[in-house]
Structures are given as structure tokens and as C-alpha cells.
There are 2 protein chains.
Amino acid sequence: MSGASEKAYVSIRNRLLGGEFPAGSRLSESELSESCGVSRTPVREALRRLAQEYFVRIEPNRGAFVIDWSRDDIMDMFEMRSMMEGLTARKAAERASMAQIDLMKAIIKRIDDVAEGGGPEMRDSFLTLNRQFHDTIFEASGSPKLTEIISRFVEQAVIVRTAAQYSAYDIVRSNQQHKELLSAIEKRNGMLAEIIMRSHILTAGERYHNNYMPNEA
Amino acid sequence: MSGASEKAYVSIRNRLLGGEFPAGSRLSESELSESCGVSRTPVREALRRLAQEYFVRIEPNRGAFVIDWSRDDIMDMFEMRSMMEGLTARKAAERASMAQIDLMKAIIKRIDDVAEGGGPEMRDSFLTLNRQFHDTIFEASGSPKLTEIISRFVEQAVIVRTAAQYSAYDIVRSNQQHKELLSAIEKRNGMLAEIIMRSHILTAGERYHNNYMPNEA
DNA sequence: CCCTAATTGATTGTATACAAATTTATACCG
DNA sequence: CGGTATAAATTTGTATACAATCAATTAGGG
């Protein structure tokens, strides 16, 4: 997956996220091949990968088309993600090691620092740390296969696209939920951890809904 | 995806399900290309597709390896599936049309007939009808994108592999749960429908666990 | 004798050429 | 003028040839 294939994948994916291709439009292999500077073979591979991540839909003998996501679709994805990550949180509460709990504590502290410090790179730092926190939960759940499937889901078009631009206040609020979640995990209260995680994801969905779709479109 | 690519996919998938390739073993593109009667190009495409369905894992520059699933992994998958299909059942209870409810009724009736009739094709008929029933729930949930994602999940290696060989008694029992589920949907009781569906899937998981892994392996 | 390094062999990754299918354009008929 | 059928052009699908990477083996040095 490295070399030309990866190059094509990154290029097309970035352009899709940048909104260069309108929803429903068709992606020509030849054109992509030219603009990516690789041959059609790795372009085809990249398109299949993007289809797996629901960026595009491939119709046999017709090509790749940019997938359109409705508001309802996106909220459904948040709901699904809330269930999936809720499940891992419950398992993490049952199985997390002390080292993993300490790591989560450290990440939470760093997120607080980031929110307090502010600055232009605040959001990027938060996204990275937030990702690390959730990955640690995955790790602590002790279900590698399950975790891989959910990670793949989180990599999907919608989820990636909805990586919201949090304000400092939003970050503090989100991190408060992290603290509550960690507390539940420390107490080995799986059910509580699950509910808190679901709430955590669903409130993120609500925030997205309010921020990015204030009016009917 | 038709033609040579589909041919390679079906061939490799069947052989994987038939246990021809041991877990962890490496799949050579050249050998598959030869045995499938197509060139390496569609074989590579088929392997990527099988990687998406978690039949194999592809390591860059190293090839495709048959994935091994532990008992815990499989039970995790049932748990995940129970949540996913529970979600669609809840939505179906809120949105199902009369025509869809009637269709489910008809399918339930046909499953009862199949169980009563017995015969050698009983299990195949049940699997088909059972699939139709669950697909109707998906359809009735009114969330096409969500449904597509879940359908893809159900197509995965583990789920397909665990399509258990039900006895006539098991079929009757499973169909009883279908009836309870449909009753909840008719009453527009989403929460009840969700719980019944989750129970339905999890009991299937238990049955698999008991039937196929009676002893520690 | 063991460990390291280079070379050989084999396998995956990429590019290109060709085949098949679809879309578009055009000519013909009603 | 509209509709259908045919034909050309474009695009995807497949096969093959070549390049790059990785595994194994062998040669060399300690």
C-alpha cells in the first residue's frame, strides 16, 4: 500500500475532503492518474480503498462516484459510533491496566494544558490527543479485532469530515467528559463507562449538528 | 466487479470458507492467479476485497495472510452485531410501513412452513428466508447508509462463517423471536424491538458458542 | 563455529498494452 | 421533427511486462 498507491490515495482523499469534487460527480481514472502522477493501476487501488471508507461508490464498468451524505446519515453515523465506542469503554472498564489508566490521566492533563494555552495549533493538538485518548480506550478494551473494525469505521468519510473545530470551551467540556469516563473506568463500572462514552459521542454529534447545520439546507 | 475479478473473489472466498487455507498462511498471488484461471490483476482486487471483509490481512510488500479468529473475537462480533441490528430494529419500529410489516409476517409464515416440512434443504431455505427477514428490517429502518454499513459488516468473515446449522427446533425458536420482534414493531415500541433484536442475535451467538466449541480448544 | 554482509531468488508493486463494456454521437426510419 | 438503431469514441476491466522490495542462501570475517 506504499509508494504510488499511497500517494494516489492521499491525494484523492485530500481533494475529496477539500470539496474539490462535487457530491455525485464521477471520478475519471485517467484524469486522477494524470493529476496524481501515477499510472491507473494504483489509482484504481486507491479508489477501492476510498470506496471501503465510503468516500466514493464504485459501480461496475461505470466508475467511481462521490458519495453524498445527508444530515440524517451523519447523525446515524454518530449514533452507531456511540454504540461501538460505548462497547469498548465498557470492556476497557473491565480490563484496563494501571499503566493504561495512568496514560489516559496524562492525556487528559495534556488536553487541559492545550485548552488553557490556546493558540493557533490548539485544535490540531486537541484532535491528536483526543485521538490518542480514544485509542487508549480501544487498547484497554482488550479486543484487538473489534478495535480494528471500529478504528476502520472511525476512519470513514463522515467521521473524518465531522472532526469539528472545537473552541477552547468545547475542549474543556469534552475533556470533562473524559475525566468522568476515566473515573468510571477506575471504579471498574463498565455500564457507567459505556453510558458516559455514548453520551460523549452523541453530544459531539449534537454539537456538529448545531454548528455546521444551523439552518435547513 | 464482474468477470474475472468476481470469479477470483468467489473462488478464493469459497476455498477460505472450506478451510483449504490454514489460518495465518500466506496466499500467493501467482498461485491464486493460476488456480482461478485469471491474471494477477483481478486476483489482487479480490484479495483487497477479502481484506475488507476480514478474511485476510494484507501486509505491504509481503502479501495476503489468512486471518485467525479466536472464540473471544467471534463473541465480540456477535455483540457488535447485536447492537447494530438492535439499532435498525428500533428505527424500523418507528418507521416501518404496513407493506413491510406484512412482508415480515409472510416471511415468518414461510419460515414456520420450512421448519415443519423439514427435509434436506431446510437449512438453506431458512438461511435465505432469515436473511430476507433481517433485510426487511434494514429496509424498514429508513436509514440506507447505516443499513449498507451494517450489511457489509454482516458479510464479514466471522458472521458468514457462523451461519449455524440450525435444527428444526432451533428454527422454530428463532422464528418465535421474529414473531415477538414483529409484534414490538407493530406496536411501534422501538425500545422493545431493539432489546428483542439484541437478544435474538446474542442467543444465536450463545448457540454458536455451545454447538461449535463444546470444549476448550 | 557463529555472526554479519552481500548476492540470488522469489514475490509484490507499478506501468503499459489490449479487450470489453458503456456512453455519446450520428444516421436512418417512421 | 422525434425516436430508434447503429457506429464511433471514451472509459473501465484484464493481461502482461518490468521495477522494486523482501526473504533466503551463501560467502566472508571474527
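These figures come from a predicted structure and were not determined experimentally.

About the thresholds
- Position labels on residues start from 1 in each chain and follow its written sequence.
- Here every chain gets a letter starting at A, and every ligand a number starting at 1, in the order they are written.
- The predicted origin of the model limits local features to residues at a pLDDT of at least 70 and limits the giving and counting of side-chain atom pairs to 80 or more, whereas totals for whole chains, interfaces and linings rest on all residues.
- Remark: hydrogens and water are excluded; side-chain values derive from all non-hydrogen atoms of the structure.
- Contact definition: two residues touch when any of their heavy atoms are within 4.5 Å.
- Note: buried area is the sum, over both parts, of the accessible area (probe 1.4 Å) each one loses when the two are combined.
- For salt bridges, the criterion is a side-chain nitrogen of Lys or Arg within 4 Å of an Asp or Glu carboxyl oxygen.
- Counting of polar contacts relies on pairs of N or O atoms within 3.5 Å, with two restrictions inside protein: one atom must be capable of donating a hydrogen and the other of accepting it, and residues adjacent in sequence are counted only when both atoms are side-chain atoms.
- Starting at the N terminus, helices and strands are each numbered in turn, a helix being any DSSP run of H or I of at least four residues and a strand any DSSP run of E of at least two.
- Amino acids are sorted into nonpolar (Ala, Val, Leu, Ile, Met, Phe, Trp, Tyr, Cys and Pro), charged (Asp, Glu, Lys and Arg) and polar (every other residue, Gly among them).
- Note on definitions. A residue lies near a molecule or strand when any single heavy atom of the residue is within 4 Å of it.
- Only protein chains enter the calculation, and the probe is 1.4 Å; a residue is then buried if its accessible area is under 20% of its type maximum, exposed if over 50%, and partly exposed in between.
- When the copies are overlaid, the least-squares fit takes in C-alpha atoms only where the residue has pLDDT of at least 70 in both copies.
- Here, a strand pair is defined by DSSP locating no fewer than two bridges between the strands.
- Comment: axis = line fitted to C-alpha atoms, over the contacting stretch for helices; angle = value between 0 and 180 degrees taken between N-to-C directions.
- Throughout, the edges of the domains are those of an automatic or database domain assignment.

Some remarks on the interface of chain B and chain A
Contacts between the two partners involve 32 residues from chain B, matched on the other side by 32 residues from chain A. When chain B packs against chain A, close to 2,900 Å² is buried across both sides, 59% of that on carbon and sulfur atoms. Looking at the side of chain B facing chain A, the largest losses of area belong to Y54, K145 and I149 of chain B, adding up to 21% of the total buried there. Our count for the chain B to chain A interface comes out at 12 salt bridges. Salt-bridge contacts for D76 of chain A lead to K91 of chain B; the nearest nitrogen and oxygen are separated by 3.2 Å. There are 16 residue pairs in polar contact (both at pLDDT 80 or more) connecting chain B and chain A. With 10 residues, the single largest contributor to the side of chain B that touches chain A is helix α4 (residues 71-95) of chain B. Classifying every residue of the side of chain B that touches chain A by side-chain character gives 15 nonpolar, 5 polar and 12 charged.

Brief notes about unusual backbone geometry
Leaving glycine aside, a negative phi is the common case for residues, and trans is the common case for peptide bonds. Positive phi outside glycine occurs at N61 of chain A, with the angle close to 65°. Among the structural elements, N61 of chain A can be located in the loop between β2 (56-59) and β3 (63-66).

Considerations on the protein's contact with DNA strand D
Around DNA strand D sit 21 residues, and of these R26 and R44 of chain A together with A4, S39 and R62 of chain B come closest. Counting only the atoms of DNA strand D that lie within 4 Å of the protein, the sugar and phosphate share comes to 73%. In the model, a base nitrogen of DNA strand D is placed 2.9 Å from a nitrogen or oxygen of the T41 of chain B side chain. For the surface near DNA strand D, the secondary-structure elements that each account for two or more residues are β1 (26-27) and α3 (40-52) of chain A together with α1 (4-17) and α3 (40-52) of chain B.

Thoughts on the pattern of salt bridges
Note that side chains of opposite charge can pair when their charged atoms are close. Evaluation of the coordinates by the stated rule reveals 44 salt bridges over all chains. Among the salt bridges present, the one from R13 of chain A reaches E155 of chain A, with a minimum N-O distance of 3.9 Å. Residue R13 of chain A is found in helix α1 (residues 4-17), and its partner E155 of chain A is found in the loop between α7 (144-154) and α8 (157-161); the two are separated by 142 residues along the sequence. Its relative accessible area of 15% is what places R13 of chain A among the buried residues. The partner of K105 of chain A in a salt bridge is E186 of chain A, and the shortest N-O contact between them spans 3.1 Å. With K105 of chain A in helix α5 (residues 98-117) and E186 of chain A in helix α9 (residues 168-186), the pair connects residues that are 81 residues apart, well separated along the chain. Owing to a relative accessible area of 41%, E186 of chain A belongs among the partly exposed residues under this scheme. Salt bridges here are not isolated pairs; linked through shared partners, they connect E29, R40, R44 and R48 of chain A together with E45 of chain B.

Focus on the relation of the copies chain B and chain A
In the superposition of chain B on chain A (RMSD 0.0 Å, axial shift 0.0 Å), the rotation amounts to 180°. In short, the pair behaves as if placed about a two-fold rotation axis. Looking at the interface residues of chain B, 100% of them are also at the interface in chain A, so both copies use one shared face.

Digging into the sheet that holds strand β1 (residues 26-27) of chain B
Residues and elements named next belong to chain B. Taken in spatial order, the 3 strands make up an open sheet running β1-β3-β2, and their pairing is antiparallel. The two strands at the open ends of the sheet, each matched to only one other strand, are β1 and β2 (56-59). Pairing of β1 with strand β3 (residues 63-66), which is carried by 2 bridges, proceeds in the antiparallel orientation. For R26, the partnering residue across the bridge sits in β3 and is F65. Of the strands in this sheet, β1, β2 and β3 are in contact with α3, which crosses β2 at around 115°.

Some words on the domain arrangement of chain A
Residue and element names in this part refer to chain A. Split by domain assignment, chain A resolves into domain 1 (4-66) and domain 2 (71-212). One C-alpha centre belongs to domain 1, the other to domain 2, and the line joining them spans 30 Å. Each partner contributes residues to the interface: domain 1 has 7 residues there, and domain 2 has 6 residues. Both sides together, the interface formed by domain 1 and domain 2 hides about 600 Å², and carbon and sulfur atoms give 55% of it.

Some points on the sheet that holds β3 of chain A
Strand pairing in a sheet is mediated by backbone hydrogen bonds. Such pairs are either parallel or antiparallel. The strand order β1-β3-β2 (chain A) describes an open sheet built from 3 strands, whose pairing is antiparallel. Of all the strands in the sheet, just β1 and β2 of chain A have a single pairing partner and so form its edges.

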